[in-house]
Amino acid sequence: MRRALRKAVKILIVLVLVCFALTGALLSFLHSPFFRYPSGGEYPPPRINELVWPTVGYPAMVMHGEVLEVEVDLWAGEVSRSVEVSGWRAYLTPSRDELAGLVYELEPEGAHLGACERWPYRSMEGRSEEVWHVAFRLPFEVAPELYDLKVEADAGGESICDSQPHAVAVTQDTDDDYTFITLSDIHVHELANSSLFSTQTDKGISQDGEPVFFTEAIRQVNLIRPDFVLMLGDFVRGQRRPGELLSECERFYAALLDLEVPAFLLPGNHDGYVNEIDGERWYENNIGPLYYSFDVGGSHFTCLDTYEWPEDDRLVMNKLFYMEPRKWQGQVLDAEDEGDPSTYSGQLAWLEEDLAAHRDAQLEVVALHHDPYTPDGKGYSFANISYGPVYISAGGGKGKQALLDMVSRHGVDAVFGGHRHTDEIAWVSWVDGTGETMYSCQTCVYFDEGGESDHYPGYRLVEVEDGKIASCAYLDGISSYPFYDGSEPGGMTDLDALDTPALSTQVLQAAGEGDPHIVIEVDNYLAARMELAGIVVQAPAPPAGGYEVEGGELYRSVEIPGKPGRVLLYLRAELEPGNPGKAAEQRGDPAVATITLR
């Protein structure tokens, strides 16, 4: 009996080992370099050419009457370095469609050649180390808005012209009280994007392939009208079919132009995939640098690229029902010893210098896609994923400890990340014990796999008061703000049943000829007080004595070009907390504000 039992145990052990071996062999094959998606595809003409800063993904924020210094790389084209360059000109045109035709000419104040400061690296094909720095003064009459920028110059008897949409935000002030919104994991994707081992809902994608879920998110962000938006990567999906990466990138770019506030972008792993085209190259050609920093008042923001994998690791594979690149976790290269900053080079060396130079900033924020910290201390965005003892996938990338050490040594106040589609907030003390860093991970913008989920489409609304983060979470101090009524923070949400936007407006009565009476209804399904500063309507010019406003505040009026007697009215409303639905299938009761202008 015992002999038979021992024999059965041995057989069972052998079977288990064989299963492990076969599983390991299969998974190793799936992640091998064979049967890869094609590369070497054709790229569309780049949108970033001579004007290399500001860009759509790395805008300038400046007050009227102040100086804007742009960076222009004339050597990227066919301009000889020996020709004389003069006659610099620049123009701002509002990005908002209603103000089309309005043009502000900027006054040039000087130009000189120098090292490129806005791109910490110059690896782009055809780019030069030296660029033109051209200063322009903004007219005082420029209204606070988001603008497209066009720059012109005369070079060797020819006129050089380049432009960037949504590149300049004219602000009303640059103090240390402001708000911003963080968005992560937008994942613009095509229809029918699921595979056997990678479920993807089509909810939020129209029949003609438009990402209407992203359009709705942008509409609500515009309604809130924060001072700016931080986009934390994974703007596209790019791994279901060969060749789809480019079409998704182009759809994302087109939708991005509906945003009415400046947006600072940084790449995620999906944005860096190689699927006929190299996503990183498209990003640099159309969005901006992969890493950089910027200032808002006394605050300093550092935006990183945490997907520094070689091209072979980023190339999407096509094996049976399994599609993904060989590596998709985080990695930041160029540290011989992650505990010794003197051995850093590349992005890590730049980051060390950037954080050290801004150690005294009132608020220091690091934004990235792969968060190096999780509350259990394991840092899953950089960690390997193991399938039993025989197969490891996804990454296990370098640089996690270097990032954690620099954040602690330089007293970074907050790190905002995404990648894992989950809401987490943790606090870690600085190495000198004088303060602590808030690490934030957040939910995604799209509907992900659909069905029952422990997350929902959402965003972080970050309020900064006197240079300190006062709040960044919805209700419980952890969760993201939902884009839809019926989302359940801390619980399970039926993503397929989400339909009612959490914030919305409708014009109940529009101004008619001779009747400037306007009535607007604003709904808030969120269980939080909301201030909405992005309510904008067309109306007749204010009558003598101005408009009488009830239920809101009229804070700006701008004449509409080509429409005499018509103006664009900017309204602000304070909404009480609503009563959201307890589940996606149960619609809540919104808090309603009715704005009346007479």
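Residues numbered from 1 in each chain as written. Predicted model: local features only at pLDDT ≥ 70, side-chain atom pairs only at ≥ 80, totals over all residues. Heavy atoms only, no water.

**What to know about a nonpolar patch on the surface**
On the surface, Leu 5, Val 9, Leu 12, Ile 13, Val 16, Leu 17 and Phe 20 cluster together to form a nonpolar patch covering roughly 630 Å² of accessible area. Looking at the element boundaries, Leu 12 is found in helix 1 (residues 2-30). Overall, the relative accessible area of 52% leaves Leu 12 in the exposed class. (Patch = residues over 30% accessible without salt bridge, like charges linked within 9 Å, V, L, I, M, F, W, Y side chains within 5 Å. Areas by Shrake-Rupley, 256 points an atom, 1.4 Å probe, with all protein chains shown as cover. Salt bridge = Lys/Arg side-chain N within 4 Å of Asp/Glu carboxyl O. Helix = DSSP H or I, 4+ residues; strand = E, 2+ residues; numbered from the N terminus. Buried < 20%, exposed > 50% of the residue type's maximum accessible area, 1.4 Å probe, protein only.)

**Description of the pairing of strand 28 (residues 518-524)**
Most of strand 28 sits out of view: seven of its seven residues are buried. Residues Ile 518, Ile 520, Val 522 and Asn 524 line one face of strand 28 and the alternating positions Val 519, Glu 521 and Asp 523 line the opposite face, and both faces are buried. Two strands pair when backbone bridges link them, and strand 27 (residues 503-509) and strand 28 are joined in this way by six bridges, in the antiparallel orientation. Bridge pairing in strand 28 links Gln 509 to Val 519. Direction of pairing for strand 28 relative to strand 33 (residues 591-597): antiparallel, over a ladder of seven bridges. From the neighbouring strand, Ile 518 faces strand 33, where its bridge partner is Leu 597. (Pairing = 2+ DSSP bridges.)

**Some thoughts on the nonpolar core**
Formed by 96 residues in total, the largest nonpolar core has its most connected members in Met 231, Phe 252 and Tyr 459. Top element by residues in this core is helix 2 (residues 212-224). It accounts for seven residues. Counting 63 residues, the second-largest nonpolar core is a separate cluster that includes Leu 68, Phe 180, Val 296 and Cys 303. (Core = buried A, V, L, I, M, F, W, Y, C linked by side-chain atoms within 4.5 Å.)

**Observations regarding the pattern of salt bridges**
A complete count under the given rule lists 24 salt bridges for this structure. The salt bridge partner of Glu 352 is Arg 409, with a shortest N-O separation of 2.9 Å. In this pair, Glu 352 sits in helix 6 (residues 346-357) while Arg 409 sits in helix 7 (residues 400-409), placing the two residues 57 residues apart along the sequence. The exposure class of Glu 352 is buried, given its relative accessible area of 16%. Between Arg 598 and Glu 550 there is a salt bridge whose closest N-O contact spans 3.2 Å. Taken as a pair, Arg 598 in the segment after strand 33 and Glu 550 in strand 30 (residues 549-550) lie far apart in primary sequence, 48 residues in all. Glu 550 sits in the partly exposed class, given a relative accessible area of 37%.

**A closer look at helix 6**
Compared with the 16 Å implied by 1.5 Å per residue over twelve residues, the 17 Å span of helix 6 between its first and last C-alpha is a close match. Residues of helix 6 that are buried: Gln 347, Leu 348, Ala 349, Trp 350, Leu 351, Glu 352, Asp 354 and Leu 355. In this fold, the buried residues of helix 6 make contact with strand 14 (292-296), strand 15 (299-303), strand 16 (363-370) and helix 7. (Expected span 1.5 Å × (residues − 1). Contact = heavy atoms within 4.5 Å.)

**With respect to helix 7**
Along helix 7, the residues that are buried comprise Ala 402, Leu 403, Leu 404, Met 406, Val 407 and Ser 408. Gly 411 sits one or two residues past helix 7 and shows a positive phi near 65°.

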